[in-house]
Every structure is written in structure tokens, then in C-alpha cells.
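Structural overview for review
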Amino acid sequence: MYRIFRQNLNNYFKLNKDGDPENEFRLKIAQVMRGIADKELYEKWAMENNELYEEVNNLVYEIKQNSDHFRSFKTFSWDLWGYDYRAEKSNKFSKEIMEEQLKLINLLLGTQYWIESEFE
């Protein structure tokens, strides 16, 4: 699941890089997901005490909490645990944005942004 998420997130950014105003909101809320897809970046944010680190931890917590709502989240939360991502609840972040982020993560765990030629 983790590999699929990483590849699909990269594809998502490639497909939406042209600045379409409709995609701007989703691109903005997806930036924090770079920390989920890149463990080195996540650790860098932790060392810098960056707010994005806390937001990633909150998303990891929400992924775990929503594993019954989104079927792929159960496996993905185990992958994140295996990569030593922290699941820490924070009330600092907008519930509405977090819900949109979870919907996007769910899409990224599927095949909507899969580009087959990447692995041929």
C-alpha cells in the first residue's frame, strides 16, 4: 500500500501541476502528504519542529481511526506503523480540511492516479 500511495501521490502532482484553479485547493492540502510519502522529509520536519510534522502525525492518527470507513486504511495504517510514523491526535487542524485529505488519501490508495508505464 505504501508504495502505491507514494507512486500515486507523485503522479497526482504531475497531473495537476498546471495550476488549474479547481485543483488548487486539493494541491494545497496535499502538500503535507509529501511527508507521508518521503520518510526523510518527515524526519527533517520532526528535527525542525515543523508544523507539517504535527499535521502528518494527525493524519496518520486519523487514517488509523478511519480504517473502518475506508477499507484500504487498515493496511495502510499498518504500513505507516511499520515505517515508524507517529499517530498523534491534534485539534490544531481544520476538521473539514482533514476530511478532504482523507478522501484524497483514499483515492491515492486506489488506481485513479496509477500510470502503468512508470513500471514497465
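To be clear, the structure that these remarks concern was listed above.
A brief look at the structure comes next. Think of each chain on its own: its residues are numbered from 1, step by step along the sequence as written. pLDDT decides what is reported in this predicted model: residues at 70 or higher carry local features, side-chain atom pairs at 80 or more are listed and counted, and totals for whole chains, interfaces and linings draw on all residues regardless. Computation of side-chain values: all heavy atoms of the structure, hydrogens and water removed.

**With respect to unusual backbone geometry**
Phi at Asn49 takes a positive value of approximately 55 degrees, unusual for a residue other than glycine. A run of H or I in DSSP counts as a helix once it spans at least four residues, and a run of E counts as a strand once it spans at least two, with each numbered from the N terminus. Tracing the backbone through its elements, the reader meets Asn49 in the loop between helix H4 (39-47) and helix H5 (51-65). Positioned with a positive phi, Asp84 is a non-glycine residue whose angle comes to about 70 degrees. Within the fold, Asp84 resides in the loop between helix H6 (72-82) and helix H7 (95-108). We call a residue buried when its accessible area falls under 20% of the maximum for its residue type, exposed when it is over 50%, and partly exposed in between, using a 1.4 Å probe and counting protein chains only. You can call Asp84 exposed: its relative accessible area is 57%.

**Re the nonpolar core**
By convention a nonpolar core is built from buried Ala, Val, Leu, Ile, Met, Phe, Trp, Tyr and Cys residues, the set being connected through side-chain atoms within 4.5 Å. Counting residues in hydrophobic clusters, the biggest one holds 29 residues, and the most contacted among them are Phe5, Met33, Ile36, Val56, Phe76, Leu80 and Ile105. Residues count as neighbours in contact if any of their non-hydrogen atoms are within 4.5 Å of one another. Setting aside residues no more than four positions away along its own chain, Val56 makes contact with Val32, Gly35, Ile36, Tyr42, Trp45 and Tyr85.

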